[in-house]
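# Structural description and commentary
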Amino acid sequence: MLNYGSEAQRDFYIPRICRGELVFCIGMSEPGSGSDLASVRTRADRTETGWRVNGQKIWTTNAMHGDYMIALLRTSGTSEDRHAGLSQLIIDLKAPGVTVRPITDLAGDAHFAEVFFDNVDLPADALIGNEGEGWKQVTAELAFERSGPERIYSSVVLLDAWIAHLRAVGRADSATLALVGDFTARLATLRAMSIACTARLALGESPVTEASLVKDLGTAFEQELPVAIGDDLAAHPDEAVDAELYRTLMFVTYVAPSFSLRGGTREVLRGIIARGMGLR
Ligand SMILES: Cc1cc2nc3c(=O)[nH]c(=O)nc-3n(C[C@H](O)[C@H](O)[C@H](O)COP(=O)(O)OP(=O)(O)OC[C@H]3O[C@@H](n4cnc5c(N)ncnc54)[C@H](O)[C@@H]3O)c2cc1C
């Protein structure tokens with residue numbers, strides 16, 4: 001919105017988002033259009049007063065708590081037109097015709113939802129940026145999403161709890177210290193890479209390849225942590241393990257598979273990295 005929104009959109013939404021008064025969710029994925037995002041079918045057709053939306057989004061994080069969705073929609077042509085004919089629009093989730101149905105994940109939480117649009121009328125100024133340039137706009141947006149610290153720190157609460165456990169039981173042999181050192185060095189490197197992407201984004205650049213690299217390496221790290229810490233605790237059966245550490249390990253183990261799905265799957269990111277390096 002900062003990059004492509006109108007002055008009026010920036011003035012209205014951004015201060016309210018920053019004050020925590022408005023919650024936005026991001027509506028890109030649809031059933032059958034996840035990795036293949038350019039095939040989205042949810043449409044916004046022109047009306048005399050603005051736009052009419054019909055279709056469905058899925059996996060929309062926080063849709064049930066959201067006031068608005070920033071949605072990628074087809075405003076002309078068909079899904080065969082791929083990148084052409086897509087636009088970004090702001091949808092008021094309280095508007096008549098919007099239905100939000102939470103989805104429960106493996107860990108029992110419902111943090112994302114399906115969102116249905118049945119003849120939802122939007123005003124003309126719901127469009128963000130230019131009609132037909134939605135693909136370019138979401139690609140730039142994904143560089144922010146993929147390089148942020150949330151792609152590194154999802155399991156860090158487990159790392160903290162495990163280090164607290166090591167201190168409590170007084171374990172400091174060289175193999176354990178090497179494992180702590182390995183995790184810490186990787187975390188520090190990933191953090192530096194994430195900050196380097198942020199610096200380029202702040203300059204108005206779109207480091208798509210670099211951001212994909214941060215997410216791929218970051219989620220690999222986040223997924224390895226629960227496995228390695230689980231193995232470590234199992235290899236030391238004489239140590240008393242606090243219930244909180246067990247709960248954290250169990251929770252992170254349940255949610256870890258989603259780390260390399262949300263925001264773009266591992267396979268898709270590696271394809272982007274390969275293209276960025278001129279390998280495909
Ligand atoms: C926790 C979580 C939160 C999410 N939040 C949001 C959100 O807020 N907004 C939103 O819009 N979406 C959200 N998503 C959806 C997410 O972006 C999609 O799940 C993701 O892009 C994958 O799409 P898909 O689920 O349709 O899987 P598919 O695209 O069907 O992929 C299935 C498998 O096939 C592989 N695959 C697909 N195409 C290729 C290819 N060309 N080459 C090699 N392998 C391939 C994939 O890597 C994957 O392993 C969220 C997902 C999760 C898990």
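A brief look at the structure comes next. The structure presented is a predicted model; accordingly, all values stated were derived computationally and were not measured. (Residues numbered from 1 in each chain as written. Predicted model: local features only at pLDDT ≥ 70, side-chain atom pairs only at ≥ 80, totals over all residues. Heavy atoms only, no water.)

Alternating residues of strand 1 (residues 24-27) divide into Cys-25 and Gly-27, all buried, and Phe-24 and Ile-26, none buried. Both strand 1 and strand 4 (residues 68-74) contribute to a ladder of 4 bridges, which runs parallel. For Phe-24, the partnering residue across the bridge sits in strand 4 and is Tyr-68. (Buried < 20%, exposed > 50% of the residue type's maximum accessible area, 1.4 Å probe, protein only. Helix = DSSP H or I, 4+ residues; strand = E, 2+ residues; numbered from the N terminus. Pairing = 2+ DSSP bridges.)

A separate point is the environment of Thr-47. Within the fold, Thr-47 resides in the loop between strand 2 (43-46) and strand 3 (50-61). The spacing of Thr-47 and Leu-122 is 75 residues in sequence and 9.1 Å in space, taken between C-alpha atoms. When sequence neighbours within four positions are dropped, the list of residues in contact with Thr-47 reads Arg-52 and Asp-121. (Contact = heavy atoms within 4.5 Å.)

Turning next to the environment of Ile-272. Within the secondary structure layout, Ile-272 lies in helix 7 (residues 266-276). Classification of Ile-272 as buried rests on a relative accessible area of 16%. For the pair formed by Ile-272 and Ser-212, sequence separation is 60 residues and the distance between their alpha carbons is 7.1 Å. Among residues more than four places away in sequence, those in contact with Ile-272 are Arg-146, Val-208, Thr-209, Ser-212 and Arg-280.

That's the geometry; what it means functionally is another story.
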